[in-house]
Amino acid sequence: NIQHTTGGIRKSDTFLEVDGVRFDDGKSTPDDVAARLRGPPDSKVGIVMERDGKVFDFILTRKPITITSVRSYMSKVGGGKVGVIRIKSFSGTTAQTVQDSLND
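In this report, we go over the structure that sits alongside the text.

**Topic: the environment of Arg22**
Along the chain, Arg22 turns up in strand S2 (residues 21-22). Between the C-alpha atom of Arg22 and that of Phe90, which follows or precedes it by 68 residues, the distance is 32 Å. The residues touching Arg22, leaving out its near neighbours within four places in the chain, are Leu16, Glu17 and Ser28. Within the structure, Arg22 has its side chain in polar contact with the side chain of Glu17 (distance 3.1 Å).

Written out as structure tokens, the structure is:
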């Protein structure tokens, strides 16, 4: 079982600090952390993470993130196949992405 990492961060890590702002007060939300992580592409962000009781410091370069809001696939049902379109969230491109999925 290989765990995917980006910049050394693992899925189970806990954010303690982002660019000097502490998040270990018990009041911070994931949205608070995300707001601090966001910034211009290719700018640097310093973070402090906790993993298995150990503290790790990272300096990462921000990159654009593409979020796929529509996923389509074929599913076997009984003796046939059914096309499935899953919409995770709605955005300005969702309608066109659904249309493209129907045309494929």
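**Side note on helix H2 (residues 94-103)**
Looking only at H2, the buried set comprises Thr94, Val98 and Ser101. Down the axis of H2, the buried set is contained in an arc of 60°. They therefore lie on one face. Across from the buried face of H2, at angles greater than 90 degrees, the exposed residues are Ala95 and Asn103. Of the surrounding secondary structure, the elements contacted by the buried residues of H2 are strand S5 (70-77) and strand S6 (80-87).

**Some points on the sheet that holds strand S4 (residues 54-61)**
The strand order across the open sheet formed by 4 strands is S2-S1-S3-S4, and the pairing between neighbours is antiparallel. Pairing within the sheet leaves two strands with one partner each, and these edge strands are S2 and S4. Pairing of strand S1 (residues 14-18) with S2 involves 2 bridges; the strand directions are antiparallel. Paired with Val18 across the bridge in S2 is Val21. Docked against the sheet, helix H1 (residues 30-37) engages S1, S2 and strand S3 (44-51), running at close to 45° with respect to S1.

**Describing the packing of aromatic side chains**
One pass over the structure, following the stated rule, counts 0 aromatic pairs. A cation over an aromatic ring shows up here: Arg51 above the ring of Phe56, its NZ or CZ 4.6 Å from the ring centre.

**Thoughts on the pairing of S6**
Here S5 pairs with S6 via 8 bridges, running antiparallel. Paired with Ser72 across the strands is Ile85, a residue of S6. A loop of 2 residues connects S5 with S6, the two strands running antiparallel in sequence, and Gly78 in this loop sits at a positive phi of about 60°.

**Structural notes on the side chain of Arg62**
With respect to the helices, strands and loops of the structure, Arg62 is situated in the loop between S4 and S5. A polar atom in the side chain of Arg62 sits 2.6 Å from the backbone oxygen of Leu37. Among residues more than four places away in sequence, those in contact with Arg62 are Asp19, Arg36, Leu37, Arg38, Gly39, Pro40, Pro41, Asp42, Ser43, Lys44 and Val45.

**Here we look at the pattern of salt bridges**
Evaluated as defined, the whole model comprises 5 salt bridges. Note that Arg51 and Asp13 form a salt bridge whose closest N and O atoms lie 2.7 Å from each other. Note that Arg51 is positioned in strand S3 and Asp13 in the segment before S1, a separation of 38 residues in sequence. Each of the two residues, Arg51 as well as Asp13, counts as buried. With a shortest N-O distance of 2.8 Å, Lys63 and Asp42 are connected by a salt bridge. Residue Lys63 is found in the loop between S4 and S5, and its partner Asp42 is found in the loop between H1 and S3; the two are separated by 21 residues along the sequence.

Calculation criteria
- Residues numbered from 1 in each chain as written.
- Predicted model: local features only at pLDDT ≥ 70, side-chain atom pairs only at ≥ 80, totals over all residues.
- Heavy atoms only, no water.
- Helix = DSSP H or I, 4+ residues; strand = E, 2+ residues; numbered from the N terminus.
- Contact = heavy atoms within 4.5 Å.
- Polar contact = N/O pair within 3.5 Å; in protein donor to acceptor, adjacent residues only side chain to side chain.
- Buried < 20%, exposed > 50% of the residue type's maximum accessible area, 1.4 Å probe, protein only.
- Arc of directions from axis to C-beta.
- Pairing = 2+ DSSP bridges.
- Axes fitted to C-alpha atoms, helices over the stretch in contact; angles between N-to-C directions.
- Phe/Tyr/Trp six-rings, centres within 6.5 Å; stacked < 30°, edge-to-face > 60°.
- Lys NZ or Arg CZ within 6 Å of the ring centre and 35° of its normal.
- Salt bridge = Lys/Arg side-chain N within 4 Å of Asp/Glu carboxyl O.

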